[in-house]
Protein chains: 2
Amino acid sequence: MPKHLQKDLEDLHRSLLRLAGYVEDAVVRATSALRSRDPDAAQEVVDGDHEIDELENQIQNNCLKILALHQPVAVDLRRISAVLMITTDLERIGDLAVGIAERVAVLARPPHVPIPDQFEAMTERTLRMLHSSLDAFVNGDPITAAKVIRADDEVDRDNQELIAALVARMKNSPELVEPSLSLFSAVRHLERIADHATNIAEDVIYLVNGEIVRHKPDALEG
Amino acid sequence: MPKHLQKDLEDLHRSLLRLAGYVEDAVVRATSALRSRDPDAAQEVVDGDHEIDELENQIQNNCLKILALHQPVAVDLRRISAVLMITTDLERIGDLAVGIAERVAVLARPPHVPIPDQFEAMTERTLRMLHSSLDAFVNGDPITAAKVIRADDEVDRDNQELIAALVARMKNSPELVEPSLSLFSAVRHLERIADHATNIAEDVIYLVNGEIVRHKPDALEG
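Computed from a predicted model, the values in this text were never measured in an experiment.

## Quick notes on the overall build of chain A
Part 1 of the argument: Within chain A, the regular secondary structure consists of seven helices and zero strands.
Part 2 of the argument: Helices (α) and strands (β) of chain A occur, in sequence order from the N terminus, as α-α-α-α-α-α-α.
Part 3 of the argument: Across its three principal axes, chain A shows a C-alpha extent of roughly 65 × 35 × 20 Å.
Part 4 of the argument: For chain A, the residues scored as buried account for 45% of the 222 residues in total.
Part 5 of the argument: Pairs at least 24 apart in sequence give 81% of the contacts found in chain A among residues at least 6 apart.

Set out below in structure tokens:
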């Protein structure tokens, strides 16, 4: 590989990890603002999203420039293609963190709907998936990637149990319909974050094995 | 522009319009299956999604190949970059159509929650936005694109009014909480389809004017 291509790829790598750091941080802060019903902390997540968007645009432009400049083939082409796809997933996770943060205003107003402990468990599981999917990318590790894909089933179970609990709450306490609906949206956003972590893991397997596993039927979001 | 680059771009164009046709059709069929509470028609949308995913992968691979082969610059580079972004939006609209179709099973079971007329109005507005955004791309027409971006405010209003009606319904009729929640999800999906049409319109403006308008704060999805 030409030396300047290698350097460009390393720079791309570093930008992607910086984006990943911003995005993980946004998810941590949005879910924690939700659990503590803190609208100011939530607003900071909303305000910070433009940095994620800018970095996404920058990485995507760099990918296109590298493609046009170096005409990479085989594994390098696959790597840049994977960076493009992972960047899109990360940017969408950032949007979903904003979506969670935007639910905090309603949840902070009385009457308060209790936030089930399982929301925290689901959040932790989702964050672990996201972190592992990025580790798998950095290390080119398809075994960790496969574990992330399997973990998505557990998040789907959390999601279903939380939604069943919220349905019961809305039936029994009509005065809690509005905050329950906001919590429902936050849970659905979290589930979609886990779906995007799964997409990233699938991209890692594509990168390492050249096999496309994205868009398996059960990876659809609802 | 070299003749073979022009031919490759024309092929890319045609594939993108084919993808757009599939995706528009999926949205029409999913929303119509919902209104008629027809689970079989809904299942066809779910089953057809893999064609959309395959065509998306194919277009994205072709974009990367053209970039590596022809090293296009300036407007051609912007055009391929726009095709990449629009393809991603179309694929996500396809997923959202599947998400709407997946809500039909619950809505088909009694007790039936009434589906407000405004759902149809919101569907029609959203489909017009999607169609116009693609027309704007084909014709390189920033005026039509700007109209699409403005129309998103109307869809947001539909969305808010429909959700207020659903909240009232859930408060007054606890036995309708589950189907109302499915309808709520379908409405949110439709609103996100309109957001993706807005993204496409923003990409057209970028393509024509070289100005990035994606990721304006109000384009965030909730």
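## Side note on the interface of chain A and chain B
Part 1 of the argument: Counting from both sides, the interface comprises 30 residues of chain A and, opposite them, 30 residues of chain B.
Part 2 of the argument: Listing elements by their share of the side of chain A that touches chain B, those giving two or more residues are helix H2 (39-70), helix H3 (74-102), helix H6 (142-172) and helix H7 (177-209) of chain A.

## Section: the packing of helix H1 (residues 3-35) of chain B against helix H5 (residues 117-139) of chain B
Residue and element names in this part refer to chain B.
Part 1 of the argument: Running from N to C, H1 and H5 point in directions that differ by 180°, and their axes come no closer than 11 Å. The orientation of H1 relative to H5 falls into the category roughly antiparallel. Along the contact surface, H1 presents Ala 20, Glu 24, Val 27, Val 28, Thr 31 and Arg 35, while H5 presents Glu 120, Thr 123, Leu 127, Leu 130, His 131 and Leu 134.
Part 2 of the argument: Its residues placed into classes, the contact of H1 with H5 shows six nonpolar, three polar and three charged.

## Considering the packing of H3 of chain A against H7 of chain A
Residues and elements named next belong to chain A.
Part 1 of the argument: Two elements in contact, H3 and H7, have axes separated by 9 Å at closest approach and are oriented at 170°. It follows from the interaxial angle that H3 and H7 lie roughly antiparallel. Along its contact with H3, which presents Arg 78, Arg 79, Ala 82, Met 85, Ile 86, Asp 89, Arg 92, Ile 93, Leu 96, Gly 99 and Ile 100, the element H7 presents Ala 186, His 189, Leu 190, Arg 192, Ile 193, His 196, Asn 199, Ile 200, Asp 203, Tyr 206 and Leu 207.
Part 2 of the argument: Looking at the contact of H3 with H7 residue by residue, the classes come out as 12 nonpolar, four polar and six charged.

## Notes on the nonpolar core
Part 1 of the argument: Ranked by internal contacts, the top residues of the largest apolar core, which has 128 residues, are Ala 30 and Ala 97 of chain A together with Ala 30 and Ala 97 of chain B.
Part 2 of the argument: Excluding its chain neighbours within four sequence positions, the residues that come into contact with Ala 97 of chain A are Ala 26, Val 27, Ala 30 and Val 45 of chain A.

What counts and what doesn't
Residues numbered from 1 in each chain as written. Chains lettered and ligands numbered in written order. Predicted model: local features only at pLDDT ≥ 70, side-chain atom pairs only at ≥ 80, totals over all residues. Helix = DSSP H or I, 4+ residues; strand = E, 2+ residues; numbered from the N terminus. Buried ≥ 20, exposed ≤ 12 C-beta atoms within 10 Å, placed from the backbone. Contact = placed C-beta atoms within 7 Å. Axes fitted to C-alpha atoms, helices over the stretch in contact; angles between N-to-C directions. Parallel < 35°, antiparallel > 145°, perpendicular 65-115°, else oblique. Nonpolar A, V, L, I, M, F, W, Y, C, P; charged D, E, K, R; others polar. Core = buried A, V, L, I, M, F, W, Y, C linked by C-beta atoms within 7 Å.

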